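# Chain and residue survey
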Amino acid sequence: MSRRFDAVVVGAGPAGSIAALVLARAGARVALADKAAFPRHKACGDLVGPRGVQVLADLGLSVPDAGRGSDLLAVGPSGRRSRLPAFTGRTYPGYGIIVPRLELDHALREAAVAAGAVPVRARITAVEAGGDGRVDALISSDGQRLAGEVIIAADGALSPVARLAGMLEPDKALWGFAIRAYVPAVVPLPLLVLLDASPWRIYPGYGWLFPGEDGQANVGIGVGLGHERRQASLRGDLAQLVALLGQRGDLSGDARPGPVMGGWLRMGGTGTPPAAGNVLLAGDAAGLINPLQGEGIGPAMVSARLAAEAVLASPARAGLTYAEAIEATFGRYMAGASALQRALLRWPGTASAATRLLTAPVIRRVVAGTWSIYWNGLADGARPRPSAWTARAVQVVAASSASTRLGPLADHP
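In this text, all values refer to a predicted model and were calculated from it rather than measured experimentally. (Residues numbered from 1 in each chain as written. Predicted model: local features only at pLDDT ≥ 70, side-chain atom pairs only at ≥ 80, totals over all residues. Heavy atoms only, no water.)

For the rest of this paragraph, the subject is the overall build of the protein. A tally of regular secondary structure across the protein gives 10 helices and 20 strands. Taking 413 residues into account, the globule formula puts the C-alpha radius of gyration at 22 Å, and the protein, at 21 Å, falls close to it. The proportion of buried residues among the 413 residues of the protein is 54%. The contacts in the protein between residues at least 6 apart in sequence include a share of 72% that link residues at least 24 apart. Computed over 41 positive and 31 negative side-chain charges, the separation of the two mean positions in the protein equals 6 Å. (Helix = DSSP H or I, 4+ residues; strand = E, 2+ residues; numbered from the N terminus. Rg over C-alpha atoms; globule rule 2.2 N^0.38 Å. Buried < 20%, exposed > 50% of the residue type's maximum accessible area, 1.4 Å probe, protein only. Contact = heavy atoms within 4.5 Å. Lys, Arg positive; Asp, Glu negative; His and termini not counted. Charge placed at Lys NZ, Arg CZ, Asp CG, Glu CD.)

A sheet is described by the order of its strands in space; here seven strands give the open sequence 6-5-13-16-17-12-18, paired in mixed fashion. Each having just a single partner strand, strand 6 (81-84) and strand 18 (261-267) make up the two edges of the open sheet. If you compare each strand with its neighbour and ignore which way they point, the axes differ by 20° on average. Docked against the sheet, helix 9 (residues 363-375) engages strand 5 (72-75), strand 6 and strand 13 (191-193), running at close to 55° with respect to strand 6. (Pairing = 2+ DSSP bridges. Axes fitted to C-alpha atoms, helices over the stretch in contact; angles between N-to-C directions.)

Mapped onto the fold, Ser338 is located in helix 7 (residues 318-346). Since its relative accessible area comes to 2%, Ser338 is described here as buried.

Relative to the helices and strands, Asp34 resides in strand 2 (residues 30-34). Of the side chains with opposite charge, Arg40 comes closest to the buried, unpaired Asp34, at an N-O distance of 4.7 Å. (Salt bridge = Lys/Arg side-chain N within 4 Å of Asp/Glu carboxyl O.)

Here we come to a nonpolar patch on the surface. Together, Leu357, Val362 and Ile363 make up an exposed nonpolar region whose accessible area comes to about 260 Å². Exposure remark for Val362: the relative accessible area of 56% places this residue in the exposed category. (Patch = residues over 30% accessible without salt bridge, like charges linked within 9 Å, V, L, I, M, F, W, Y side chains within 5 Å. Areas by Shrake-Rupley, 256 points an atom, 1.4 Å probe, with all protein chains shown as cover.)

Residues other than glycine predominantly adopt negative phi, and peptide bonds predominantly adopt the trans conformation. Between Phe38 and Pro39 the backbone carries a cis peptide bond, its omega angle lying at 0°. By secondary structure assignment, the location of Pro39 is in the loop between strand 2 and strand 3 (47-48). Positioned with a positive phi, Trp200 is a non-glycine residue whose angle comes to about 60°. You can see Trp200 is positioned in the loop between strand 14 (196-198) and strand 15 (201-202). Even without being glycine, Asp214 reaches a positive phi, approximately 55°.

Strand order across the open sheet formed by three strands is 3-7-4, with antiparallel pairing between neighbours. Strand pairing shows two members of the sheet lacking a second neighbour, strand 3 and strand 4 (68-69), which therefore form its edges.

Looking at the secondary structure, you find Ala122 in the loop between strand 8 (118-121) and strand 9 (124-129). Classification of Ala122 by relative accessible area gives buried; the value is 6%. In sequence terms Ala122 and Ser141 are 19 residues apart; their C-alpha atoms lie 7.1 Å from each other. With residues up to four places along the chain from it excluded, the contact list for Ala122 reads Asp34, Lys35, Ser140 and Gln144.

Time to look at helix 9. At Gly369, helix 9 shows its largest bend, some 35°. Within helix 9 the residues assigned to the buried category are Ala368, Gly369, Thr370, Trp371, Ser372, Ile373, Tyr374 and Trp375. Gly377 sits one or two positions beyond helix 9 and adopts a positive phi of about 65°. (Bend = angle between axes of the 7 residues up to and from the residue.)

Taken together, the buried positions of helix 2 (residues 50-58) are Pro50, Gly52, Val53, Val55 and Leu56. Close packing links the buried residues of helix 2 with helix 1 (14-25), strand 3, strand 7 (96-98), helix 3 (101-115) and helix 6 (297-313). Positive backbone phi, approximately 65°, marks Gly60, located one or two places after helix 2.

Quick look at a positive patch on the surface now. A surface patch of like charges, here positive, comprises Lys35, Lys42, Arg121 and Arg123. Note that Arg123 resides in the loop between strand 8 and strand 9. Looking at Arg123, the relative accessible area reads 47%, which means it is partly exposed.

For the rest of this paragraph, the subject is the nonpolar core. Core analysis: the biggest nonpolar cluster contains 100 residues, and Ile18, Leu23, Ile152, Leu280 and Tyr322 have the highest contact counts within it. Considering each element in turn, this core owes the most residues, 10 residues, to helix 6. Non-local contacts of Leu23, meaning those with residues more than four positions away in its chain, are made with Ala7, Val9, Ala28, Val30, Ile152, Ala308, Val311 and Leu312. Counting 32 residues, the second-largest nonpolar core is a separate cluster that includes Leu195, Leu209, Val219 and Leu244. (Core = buried A, V, L, I, M, F, W, Y, C linked by side-chain atoms within 4.5 Å.)

Before going further, it helps to examine the pairing of strand 12 (residues 174-184). Where a strand is regular, its side chains alternate between the two sheet faces. Counted residue by residue, strand 12 has nine buried out of 11 residues, so it is predominantly covered. As paired elements, strand 12 and strand 18 share seven bridges and run antiparallel to each other. Looking across to strand 18, one finds that Ala178 is bridged to Gly263. As judged from the 10 bridges shared by strand 12 and strand 17 (residues 216-226), these two strands associate in the antiparallel manner.

Rendered as structure tokens:
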């Protein structure tokens, strides 16, 4: 069976559904394809950051959230805590929302379908190449042929579409892996746990304990793997994190996590170009996960909206327009944050000392605002204040240092 659309969107997570929604509302004929039946679970911290919240507001979308998350508690290897404040920006609110991915993804997909997107259950296994590097159609495992003027791939960090289109270069990607589970707990503030893997050698990632719904908190742990996508056995680390949280009183001593889910991360805009020919990559497929703290939902929704707007502006120039928009929106922060993440992996002793400074009694009060804004990629669009100026300066220095080695995000996957 063959069907033709103005655009074919692959992946019905937050990125794919937002792209399909924006296109369908504008009158485009759009397919929204995914291999899974919805609703379905995903490995995630379930916290939608301020930029994601702003996209939802801009598009008039409501989702069944379990509350707001504003300030965050960071816990250093010494056990000391630093409260990272949440500031309202000029282009984003001063809070995130807590939404289990089971509910978020289902709600966004339903909104896209209600707007006119055609839902398709399909596992993409091949592409039909056209001329000039274009992809004329996607072929599914059950023989469906989905043809489109433009293809938007929002199919995750491993992106089958990017791989089949020859866009994915795994050895140039900055990889990570994370697992999560739900555990009985009431959590007042999202908790970010920075750990030492051994004395004065930082763990190459962090743990978290985020608020949830119905008395269930989200607990997880993630690691950065550098440029090598290798197996990461994290169940033992998660068990140790849960035990540590129990010892510190953040969880009850008898709290036991439920089923564990895991997933690959591709961070910093690495491993692929944002677009090639008529194929545009959004969200995790474009590697748009924050290299420092692993947030992907907000960047996914922002990039998806940019992709849809590029298509609506001119399908023939959508790839170029989108690549320029991604560079302008994410390039400076992602490049610098990626360089810092690589430095953390390269010098674990120095990184361990730095995290102790960030949670030290006096220094933490001075740097908390700057850390919060920069760590979360919120310097651009922040309201003027000393912490925002400092965060912006950090971003400029980090990005400048990275660009001398890596070049622009759009040109160097």
